[in-house]
Amino acid sequence: MMDNLRTAANSVVLKIIFGIIIVSFILTGVSGYLIGGNSNYAAKVNGEEISRGQFENAVASERNRQQQQLGDQYSELAANENYVKAMRQQVLSRMIDEALLDQYAKKLGLGISDEQIKQAIFKEPAFQSNGKFDNARYTSIINNMGMTPDQYAQALRNQLMTQQLINAVVGTDFMLANETDELAALVAQQRVVREATIDVNALAAKQTVSDSEVNSFYEQNKNRFIAPEQFRVSYIKLDAAAMNENASDEEIQAWYDEHQDQYTQPQRKRYSIIQTKTEDEAKAVLDALKAGSDFATLAKQKSADIISARNGGDMGWLEDATTPEELKNAGLNEKGQLSGVIKSSVGFLVARLDDVQPAQVKPLAEVRQAIADKVKQEKGLTAYFALQQKVSDAASNDNESLAGAEQAAGVKAVETGWFGRDNLPEELNFKPVADAIFNGGLVGENGTPGSNSDIITVEGDRAFVLRVTEHKPEAVKPLAEVRDQAVADIKHQKAEQQAKLDADKLISALKAGKGDDALKTAGLSFGTAKTLSRSGQDPISQVAFTLPLPAKDKPSYGVANDMQGNVVIVALDEVRSGTLPDEQKKAMTQGITQNNAQIAFDALMTNLRKEAKIKMGDIIEQQQ
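As recorded by an unreviewed UniProt entry, the protein carries the name Periplasmic chaperone PpiD and is attributed to Atlantibacter hermannii NBRC 105704. The UniProt entry for the protein carries the following text under Subcellular location (unreviewed entry): "Cell inner membrane". Under the Sequence similarities (unreviewed entry) heading, UniProt states for the protein: "Belongs to the PpiD chaperone family."

(A) The sheet that holds strand S1 (residues 41-45), seen in detail. Strand order in the open sheet made by the three strands is S2-S1-S21, with antiparallel pairing throughout. Two strands bound the open sheet, and with one partner strand each, they are strand S2 (48-51) and strand S21 (614-616). Put simply, the sheet's adjacent strands are angled 20° from each other on average, direction ignored. Sheet topology places S1 next to S2; four bridges connect them, and they run antiparallel. Bridging from a neighbouring strand, Val-45 pairs with Glu-48 of S2. Taken strand by strand, helix H5 (residues 81-107) contacts S1, S2 and S21, and its axis lies near 35° from that of S1.

(B) Quick peek at the nonpolar core. Phe-55, Val-91, Ile-96, Ile-117, Ile-121 and Tyr-152 are the most contacted members of the largest nonpolar core, which has 34 residues in total. Secondary-structure elements contributing two or more residues to this core are S1, helix H3 (52-70), H5, helix H6 (114-123), helix H7 (135-144), helix H8 (149-170) and helix H23 (582-611). Sort the elements by how many residues they give to this core and H5 lands first, with nine residues.

(C) Representation of the packing of aromatic side chains within the structure. Here the structure, examined in full by the defined rule, presents 13 aromatic pairs. Relative to Phe-438, the ring of Phe-419 has its centre 6.3 Å away and its plane inclined at 70°; by these criteria the two rings are edge-to-face. One end of the pair, Phe-419, is in the loop between strand S14 (414-415) and helix H19 (431-438); the other, Phe-438, is in helix H19, with 19 residues separating them in the sequence. Seen from their ring centres, Phe-430 and Phe-464 are 5.9 Å apart, and the 45° between their planes marks the pair as tilted. Taken as a pair, Phe-430 in the loop between S14 and H19 and Phe-464 in strand S16 (residues 462-472) lie far apart in primary sequence, 34 residues in all. Grouped by ring-pair contacts, the aromatic residues Phe-122, Phe-127, Phe-133 and Tyr-138 constitute a single cluster. We note Arg-194 situated over the ring of Phe-526; from NZ or CZ to the ring centre the distance is 4.8 Å. For Lys-472, the ring lying beneath its charged end belongs to Trp-418, and the centroid distance is 4.3 Å.

(D) Quick look at the sheet that holds strand S19 (residues 556-561). Pairing within the open sheet is antiparallel, and its four strands lie in the order S18-S5-S20-S19. Single-partner strands in this sheet number two, and they are strand S18 (530-533) and S19. Neighbouring strand axes in the sheet, compared pairwise and without regard to direction, differ in orientation by 40° on average. As paired elements, S19 and strand S20 (residues 567-576) share six bridges and run antiparallel to each other.

(E) Structural detail: unusual backbone geometry. Phi is positive for Asn-46, close to 55°, though the residue is something other than glycine. Looking at where Asn-46 falls in the secondary structure, it is placed in the loop between S1 and S2. Phi at Asp-553 is positive, roughly 55°, even though this residue is not glycine. Inspection of the secondary structure assignment puts Asp-553 in the loop between helix H22 (539-544) and S19. Residue classification places Asp-553 among the exposed positions, given a relative accessible area of 75%.

(F) Representation of the packing of helix H12 (residues 249-258) against helix H17 (residues 364-397) within the structure. Where H12 meets H17, the axes come as close as 9 Å, and the angle between the chain directions of the two elements is 105°. Comparing their axes, H17 and H12 come out roughly perpendicular. Between H12 and H17, the residues in contact are Asp-249, Glu-251, Ile-252, Gln-253, Trp-255 and Tyr-256 and Leu-364, Val-367, Arg-368, Ile-371, Ala-372, Lys-374, Val-375, Glu-378 and Lys-379, respectively. Residue composition of the contact of H12 with H17, grouped by class: eight nonpolar, one polar and six charged.

(G) Quick look at the pairing of strand S12 (residues 347-357). Taken together, the nine bridges between strand S9 (residues 268-276) and S12 define a ladder with antiparallel strand orientation. Looking across to S12, one finds that Lys-269 is bridged to Val-356. Of the pairings in the sheet, the one linking strand S11 (residues 342-344) to S12 comprises three bridges and is antiparallel in character. Bridged to Ile-342 within S12 is Leu-349. Adjacent in sequence and paired antiparallel, S11 and S12 are bridged by two residues.

(H) Fine view of the pattern of salt bridges. Counting across every chain of the model gives 25 salt bridges. The salt bridge partner of Glu-62 is Arg-94, with a shortest N-O separation of 3.7 Å. Linking Glu-62 in helix H3 with Arg-94 in helix H5, this pair joins segments that are 32 residues apart in sequence. On the accessibility criterion, Arg-94 (23% relative accessible area) is partly exposed. For the salt bridge of Lys-237 with Glu-427, the shortest nitrogen-to-oxygen distance reads 3.1 Å. Within this pair, whereas Lys-237 is found in strand S7 (residues 230-239), its partner Glu-427 is found in the loop between S14 and H19, the two being separated by 190 residues in sequence. Look at Lys-237 and you get partly exposed, because its relative accessible area is 31%. With relative accessibility at 35%, the residue Glu-427 sits in the partly exposed group. Via salt bridges that share partners, Arg-232, Glu-415 and Glu-470 belong to a single interconnected network.

The rules behind these values
Sequence order as written defines the numbering, with residues in each chain counted from 1. Thresholds applied to this predicted model are a pLDDT of at least 70 for local features of residues and 80 or more for the giving and counting of side-chain atom pairs; totals over whole chains, interfaces and linings are not thresholded and use all residues. By convention in this description, side-chain values take in all heavy atoms of the structure and omit both hydrogens and water. UniProt positions are given in the numbering used here, feature names are shortened, and annotations may be inferred rather than shown by experiment. Paired strands are those between which DSSP finds at least two bridges. Here a helix means four or more residues in a row that DSSP labels H or I, a strand means two or more in a row labelled E, and each is numbered from the N terminus. Axis lines are fitted to C-alpha atoms, over the contacting stretch for helices. Their N-to-C directions set the angle, which ranges from 0 to 180 degrees. Contact between two residues is taken to exist if any of their heavy atoms lie within 4.5 Å; hydrogens are not considered. Only buried residues count toward a nonpolar core, which is a set of Ala, Val, Leu, Ile, Met, Phe, Trp, Tyr and Cys residues joined through side-chain atoms within 4.5 Å. Remark: exposure states derive from per-residue accessible area (1.4 Å probe, protein chains only) relative to the maximum for the residue type, with buried under 20%, exposed over 50%, and partly exposed in between. What counts as a ring pair is set by centres within 6.5 Å for rings of Phe, Tyr and Trp (its six-membered ring), and what kind of pair is set by the plane angle: stacked under 30 degrees, edge-to-face over 60, tilted for all other angles. In this analysis the charged atom, NZ for Lys or CZ for Arg, is taken to sit over a ring once it is within 6 Å of the ring centre and within 35 degrees of the ring normal. Convention used here: angles under 35 degrees read as roughly parallel, angles over 145 as roughly antiparallel, angles from 65 to 115 as roughly perpendicular, and any remaining angle as oblique. When residue character is reported, Ala, Val, Leu, Ile, Met, Phe, Trp, Tyr, Cys and Pro are called nonpolar, Asp, Glu, Lys and Arg charged, and the others, Gly included, polar. The term salt bridge refers to a pairing of a side-chain nitrogen on Lys or Arg with a carboxyl oxygen on Asp or Glu at a separation within 4 Å.

If you want it as structure tokens, here you go:
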């Protein structure tokens, strides 16, 4: 009993209710404290007011919750006046439900002691540090909520009392052990069946169809014979990658001269350092170096900078942009020159300038190919954009065909075959191109050619000019075109009807004990027995579990359609009780209990609302 109660109380729906109740009672305390009295109220529930302040606080809390959950999407929703009104009404409806629950709990005499409140606070994980109640943390959290300890205790008392009510409702629903076993046996039940299949396609081949039947079927089922909208398009494609341009020696040299900074290695310097923690240590290192000690040896022994110390203090080549300011300002200009003691952000340094590499410009021969590629690319793009403009002007000036655009582009237009919205040719499969074709702007009247498109650019420096040369709107196909399909459909319908009638006659014969002869005459026989489970989703399994239980040595019969559309006579020979593993049985029981608990709770809320006197305040009526 207690397990069922706990399980149902863990229902997702009830958890949501608990959460709503907690938030609302907290908001109730906060709003009363912050805003105070107001003659205008949001609603009265059996004479008990939900103040305007309480309501607006709850709305603000819901707004903040949605903003955190939805992010930028919330701004769009909040701009919708109807959405905001609906949200406010939902908040008020929720607060009314909570007030009704609170009143009903008090009517039942449910109550929460001070000791229960105290223990609930002590056990709340949010108020604990290292598994123990932390009073400072508790005080900080409720202060951030805008509540005093007394206000929080009262809100918690209301929440626990309402939870006690919900548990009482939930606890009214449980399953007895024998009920669980019976239901488990039913769920795990298996059924042994045999099948005799009537081939509908074979019957269809024997059917005859008159002209009047075809005409009638066509008129009644024209929606089956819709020809989708179709297009034929002529287009010219421009591709920057196809613009083969050359780069002359003069152009390469000019580029090199103009962009020499891109091929210049700036001046670099190589330093070695010894880093110490104190100024006295740095002075001692400097004295030792001046006395002739080896810099690399001292760096490995004394330097606090582990990385450079491994290399004898060597920091590698540094450009001006990557050189620390301390080294830049150390006044080191000649190779081998030692610095004084340098104060830095990491302690103290003694540095030495090991080498200087002047700025160097890479020779043209070394970068010639890269420059040639850049020049060709730039010239290609320039030619591409110029050609775009030329073709666009030609397509606009001669809007009756693509002849002018062809001449300007120096290529012939490509003409597609017929296609629809769902099979756009691969070459044209770009959203801007599809939008231009299908938005109707390029289609002429009554299927005539329309106008040329503007230049349509797509990714990869490609562009199209196109025109819709032919267009067929969506239309019903003429009967002559679909006659064969209509005849086939009619024959199949007749075959299905005949198969079902034949199946019914055969079942009557089987029940009368004349089934063998009837099946033989029909050229049918039952196949081998197969065992079906209730979890089967195929049509045969679904029908098998609707059949009445068979009598001893007397099957029960039914008719089903298999996955191929054939009509199947199903003979149910045996019903076997099944068993469920304990875990599955427990999960089944929990699911049913939770569902029933939710139904019971919904019924309680419906009844409370039905019997309550609820009056909406002016602030709400103004929003209607």
